[in-house]
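Residues per chain, in single letters:
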Amino acid sequence: MRVSNFLLLLLPVFARSSALDCTEVPGSLKQIDASNGQVFGVNSTGSIFTLYGNTFVEVPGSLKHVTVGPAGVWGANNNIYKLVGGTWQQVSGALKQIDAGGDQFVVGANAIDDIYCLHSSSTISVKEQSSLPWVNIAGKLKYYSCGLRGCWGVNSGDYIYFRHNVTPESCAGSRWQQIDGRLSMIEAGTDGSVYGVSSAGEIFRRDGITNSNPVGTTWTRILHYICKCKHVSYDLGLLWIIYSEGKIMKCQV
Ligand SMILES: *[C@@H]1O[C@H](CO)[C@@H](O)[C@H](O)[C@H]1NC(C)=O
């Protein structure tokens, strides 16, 4: 049963698009984040995993959302934690979603979709019970992610927004610009790429992103034959996809 489902899903990918090279990675996750070769994820009951070689191994602790990036490894389960020397140090604040993909700054959203960021100067020397100067950003988002060329978010209606003029030391930025399309989650990569998943489970890539036009130009739907995707993260030429029932797929793009 499981084997035949797996083949049905993957065969069309191989058959119809020679450019794609997708393989399933053993495990089950709800959320995944990749940056600079590191991959972290959580499963639906809060267990935390990191990729070691080609295997997800469990990391102690319990989180709803985990992130890895230039600011380190951070996690949220309403409480906020940073992984320091192999242990989770709880810091001040409350978030349901967190992202460390910006240039040493951290962003996230809380339970009522309020948006926060932490300047790069405050993400480095974090200790247990550090009181951190989280900055509230005007607006409401359920998911907010930063990468090399800016910060992207989606709100409860799946509308997409780009934040202008975000810098590591002025992480609040200046204004929102609504971008065409609807996505239920969005991830900006450490290399500047932007990928998202629609509520129907389709994966989109933002094209046309440059330094002078960080909002890009168009959404391109990719991997047409993989259905019901839930979560995506891109790093170093690899797209990590969570699809039906938490299965994990790694695609070369
Ligand atoms: C999450 O991972 C833990 C540790 O491996 C496991 O015991 C638990 O069953 C997993 N949860 C789900 C829903 O698979």
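Residues numbered from 1 in each chain as written. Predicted model: local features only at pLDDT ≥ 70, side-chain atom pairs only at ≥ 80, totals over all residues. Heavy atoms only, no water.

In the annotation of an unreviewed UniProt entry, the entry for the chain reads Fish-egg lectin-like, and the organism field reads Alligator sinensis. UniProt, in the comment section headed Sequence similarities (unreviewed entry), describes the chain in these words: "Belongs to the tectonin family." (UniProt positions renumbered as here; feature names shortened; annotations may be inferred.)

With that out of the way, let us pick up the overall build of the chain. Secondary structure summary: the chain contains one helix and 23 strands in total. A compact globule built from 253 residues would reach a C-alpha radius of gyration of about 18 Å, and the chain, at 17 Å, matches this within 12%. Projected onto its principal axes, the C-alpha positions of the chain cover 50 × 40 × 30 Å. For the chain, the residues scored as buried account for 53% of the 253 residues in total. Considering only intrachain contacts with a sequence separation of at least 6, the fraction spanning at least 24 residues in the chain is 47%. When the accessible surface of the chain is split by element, carbon and sulfur atoms take 53% of a total near 11,100 Å². (Helix = DSSP H or I, 4+ residues; strand = E, 2+ residues; numbered from the N terminus. Rg over C-alpha atoms; globule rule 2.2 N^0.38 Å. Buried < 20%, exposed > 50% of the residue type's maximum accessible area, 1.4 Å probe, protein only. Contact = heavy atoms within 4.5 Å. Areas by Shrake-Rupley, 256 points an atom, 1.4 Å probe, with all protein chains shown as cover.)

Take the pairing of strand β13 (residues 143–147) next. The buried count for β13 comes to five of five residues, which makes it a mostly enclosed element. Side chains Y143, S145 and G147 of β13 all project onto a buried face; the interleaved residues Y144 and C146 project onto the opposite face, where all are buried too. Note that β13 and strand β14 (residues 150–154) share five bridges and pair antiparallel. If you follow Y144 over to β14, its bridge partner there is G153. In textbook terms, the turn of a hairpin is the stretch between consecutive antiparallel strands, and for β13 and β14 this stretch comprises two residues. (Pairing = 2+ DSSP bridges.)

What follows deals with unusual backbone geometry. Here L223, not a glycine, exhibits a phi torsion of approximately 50°, which is positive. Overall, L223 belongs to the buried group, its relative accessible area being 7%. Located in the positive-phi region is E245, a residue other than glycine, with phi close to 55°. Take E245: its relative accessible area is 63%, and that puts it in the exposed class.

With that out of the way, let us pick up the nonpolar core. Within the largest apolar cluster, 30 residues are counted, with the highest numbers of intra-cluster contacts made by W152, I203, W219, L223, L239 and I241. The contact partners of W219, leaving out residues within four places of it in the chain, are W152, I160, I179, D180, G181, L183, I186, V194, F204, R205 and R206. (Core = buried A, V, L, I, M, F, W, Y, C linked by side-chain atoms within 4.5 Å.)

Looking now at the site of the ligand. Surrounding the ligand, one finds N43, S44, T45, S47, F49 and E58. Side-chain polar atom of T45 to a nitrogen atom of the ligand: 2.7 Å apart, as the coordinates give it. One of the side-chain nitrogen or oxygen atoms of S47 is found 3.3 Å away from an oxygen atom of the ligand. Protein burial of the ligand: of its 360 Å² of free accessible surface, 47% is covered by the chains. (Near = heavy atom within 4 Å. Polar contact = N/O pair within 3.5 Å; in protein donor to acceptor, adjacent residues only side chain to side chain.)

Our next topic: the pattern of salt bridges. Here the structure, examined in full by the defined rule, presents six salt bridges. Here K142 ties to D158 by a salt bridge, and the two come within 2.6 Å at their closest N and O atoms. Of the two residues, K142 sits in the loop between β12 (135–140) and β13 while D158 sits in the loop between β14 and β15 (159–164), which places them 16 residues apart along the sequence. Of the residues examined, K142 reaches a relative accessible area of 23% and is grouped as partly exposed. A salt bridge links R205 to D207, with the nearest nitrogen and oxygen atoms 2.7 Å apart. (Salt bridge = Lys/Arg side-chain N within 4 Å of Asp/Glu carboxyl O.)

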